[in-house]
Amino acid sequence: MSFSSAFINRMSLPCLLAAVLLSSCGGGGSSAPPPAPAVPLAMSTSGVAVVKARSNGLGWIALTEKLRGLANVTTPDRRLLVSTDGAAAAEPITAPAGWSIIDVAVHPSGQFSVVLASDKALKLQRRMASGMLVGESEFIDFSAATDPFVGDPADIGDSQSMLPKATRDAVRIAPLGEDLVLAVRTGRNAVVAHRLASTPGAGFTRVWRTLVEPGVYISGRGLTSGTFDPFNSLDNQWKLHLDVDTQQRIAVAVNVDQTELPTGHSQYFGEPAAATVTFGALVTRLDAQGQRLGTTVVDTIKRSELHAMRWCADTLVLAGRLLTERRPDGSGWDAFVARLPDGGTAAIQVLDFDQGDVFLDLAATGEGRILLAGATAYRQNPDGGSISEVSQPLLALLPAAEGVAQR
């Protein structure tokens, strides 16, 4: 599999800085000349994509990733770039040998938390807005070794591992005030959410622990040839998505494709509706105390991949791509959006822009509209994972109610 570096460069730091740093200049009826427009920080880093960006006061934090080759255990090559107010450059933060930076969460105080992973262990860091390390501790969860597993016990991987066997990229963190919410898929393939409080000098203290999904069998997907996996599809079935809204409601979403999760969820939680889905996702809501508020089934009917989830007011919005049909020309993948209103059912919208389409991230606007970013105009082997060298960046705007997307 190969993929053009042109797309990676288009999604690199100049795009981030335009979104995070540019500010509008004032006008009005005064005869005084308007102030000069703010000048964005002029920098560019080639060969990496920005996979997460957050403002931090008058500065910003970006999580970048190098395009990665195929591997049996995926180990993301990510680093953090931290820019404070008035800085002439961004300070990089890299992982120590044997570890990968996986995710970052910015707190209201300006401090931020970082989660790192090895093949089997997790480590948490707390840093000042400047990037200075103020605390670090290994994340330990002794209960993970005995979490429920629905299925043949012979399918259990490593019960002592904090991560599944196929990828380090199976943990996400999000701020809940100055506390931290961490969701992870463990070595038993169970999905667990934790609320952690930062204690100066003592690392993180667990406030609560909630089982989101029991452990189940997850099958692997691999290629016999190729170079790159641009949409990280080969480990998509092990990943999860996490978001916390302003009301401190927590949402955790997991894919069901290539897993026994529908059966496992149905049997363990006694929710038969989950057993009816083959492709799509299960989305579980928790309150700030870790109590389950319910699970929603997102049934895409056809094979799909979930790549993003965000709270947009009282609605959860999921996005990714869906294989509408196996077309000989390789254009069968389309982008999809699923809206989950509070207490309602999922409304799924499929969007076909140009040949192959995928949404990789989304954000709510102030008017209730949804901004989505991804890639389009690519082709994919209808019977495999190889993706064409040619593609285009995709930015689309959806109205507040379901309707036509503006590209």
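Because the structure is a prediction, the values reported are computed rather than measured.

About the cut-offs
Residues numbered from 1 in each chain as written. Predicted model: local features only at pLDDT ≥ 70, side-chain atom pairs only at ≥ 80, totals over all residues. Heavy atoms only, no water. Helix = DSSP H or I, 4+ residues; strand = E, 2+ residues; numbered from the N terminus. Buried < 20%, exposed > 50% of the residue type's maximum accessible area, 1.4 Å probe, protein only. Areas by Shrake-Rupley, 256 points an atom, 1.4 Å probe, with all protein chains shown as cover. Polar contact = N/O pair within 3.5 Å; in protein donor to acceptor, adjacent residues only side chain to side chain. Core = buried A, V, L, I, M, F, W, Y, C linked by side-chain atoms within 4.5 Å. Contact = heavy atoms within 4.5 Å. Pairing = 2+ DSSP bridges. Axes fitted to C-alpha atoms, helices over the stretch in contact; angles between N-to-C directions. Phe/Tyr/Trp six-rings, centres within 6.5 Å; stacked < 30°, edge-to-face > 60°. Lys NZ or Arg CZ within 6 Å of the ring centre and 35° of its normal. pLDDT = per-residue confidence, 0-100.

### As for the overall build of the chain
Then comes step 1: When helices and strands are counted, the chain shows 3 helices and 23 strands.
Then comes step 2: Sorting the 407 residues of the chain into buried and exposed places 52% on the buried side.
Then comes step 3: A total accessible area of about 17,200 Å² is found for the chain, and carbon and sulfur atoms account for 52% of it.

### Quick notes on the environment of Arg-195
Then comes step 1: For Arg-195, the position within the fold is in strand β11 (residues 191–199).
Then comes step 2: When the C-alpha atoms of Arg-195 and Asp-179 are compared, they prove to be 7.0 Å apart, with 16 residues separating the residues in sequence.
Then comes step 3: Side chain to side chain, Arg-195 and Asp-179 meet in a polar contact 2.9 Å long.

### Remarks on the nonpolar core
Then comes step 1: Counting 25 residues, the largest nonpolar core has Leu-242, Ile-250, Val-252 and Leu-282 as its most contacted members.
Then comes step 2: When residues of this core are traced back to their parent elements, those giving at least two are β9 (171–176), β10 (179–185), β11, β12 (203–213), β13 (240–244), β14 (250–255) and β15 (280–286).
Then comes step 3: Setting aside residues no more than four positions away along its own chain, Leu-242 makes contact with Arg-172, Ile-173, Ala-174, Val-181, Ala-183, Ile-250, Ala-251, Val-252 and Met-309.
Then comes step 4: Grouped together as the second largest cluster of nonpolar side chains are 18 residues, Ala-105, Ala-144, Val-171 and Leu-180 included.

### Here's the deal with the side chain of His-307
Then comes step 1: Positionally, His-307 belongs in strand β17 (residues 304–312).
Then comes step 2: A relative accessible area of 14% places His-307 in the buried class.
Then comes step 3: Separated by 3.0 Å, the side chains of His-307 and Glu-305 make a polar contact.
Then comes step 4: If near-sequence neighbours (up to four positions away) are discounted, His-307 is found in contact with Phe-231, Asn-236, His-241, Ala-319, Gly-320, Arg-321, Val-358, Phe-359 and Leu-360.

### Observations concerning the sheet that holds β11
Sheet strands pair via backbone hydrogen bonds, and the direction of the pair is either parallel or antiparallel.
Then comes step 1: Taken in spatial order, the 4 strands of this open sheet run β9-β10-β11-β12, and their pairing is antiparallel. Unpaired on one side and paired on the other, β9 and β12 mark the two borders of the sheet. Neighbouring strand axes in the sheet, compared pairwise and without regard to direction, differ in orientation by 20° on average.
Then comes step 2: In this structure, β9 lies alongside β10, joined through 6 bridges in antiparallel fashion. For Pro-175, the partnering residue across the bridge sits in β10 and is Leu-180.

### Section: the sheet that holds strand β20 (residues 347–351)
Then comes step 1: As summarised here, the arrangement of the 4 strands in space is β17-β18-β19-β20, forming an open sheet in which the pairing is antiparallel. What marks the edges here is a single partner per strand, and that holds for β17 and β20. Averaged over all adjacent pairs, the angle separating strand axes in this sheet is 20°, with direction ignored.
Then comes step 2: Where β17 and strand β18 (residues 315–323) come together, 8 bridges link them in antiparallel fashion. Across the sheet, Arg-310 pairs through a bridge with Val-317, a residue of β18.

### A few points about the packing of aromatic side chains
Then comes step 1: All chains considered together, the criterion is met by 3 aromatic pairs.
Then comes step 2: Note on Tyr-268 and Phe-269: the rings are 4.9 Å apart at their centroids and 90° apart in plane angle, and the pair reads as edge-to-face.
Then comes step 3: Tyr-268 sits in the partly exposed class, given a relative accessible area of 41%.
Then comes step 4: Residue classification places Phe-269 among the partly exposed residues on the basis of a relative accessible area of 22%.
Then comes step 5: Positioned above the aromatic ring of Trp-99 is the side chain of Lys-123, whose terminal nitrogen or guanidinium carbon lies 4.2 Å from the ring centre.
Then comes step 6: Above the face of the Phe-269 ring, Arg-292 is positioned so that its terminal group lies 3.8 Å from the ring centre.

### Focus on the confidence of the model for the chain
Then comes step 1: Across the chain, the average pLDDT comes to 86, with 86% of residues at 70 or higher.
Then comes step 2: Within the model, the stretch residues 1–31 combines pLDDT values under 50 with 67 contacts to residues more than four positions away or in other chains.

### With respect to the pairing of strand β3 (residues 78–83)
Then comes step 1: In terms of residue burial, β3 counts as a mostly covered element, since 5 of its 6 residues are buried.
Then comes step 2: Judged from the 6 bridges that link them, strand β2 (residues 59–66) and β3 form a sheet pairing that is antiparallel. By the bridge assignment, Ala-62 is partnered in β3 with Leu-81.
Then comes step 3: By the bridge criterion, 3 bridges tie β3 to strand β4 (residues 91–93) in an arrangement that is antiparallel. Following the sheet pairing, Val-82 is matched in β4 by Glu-91.

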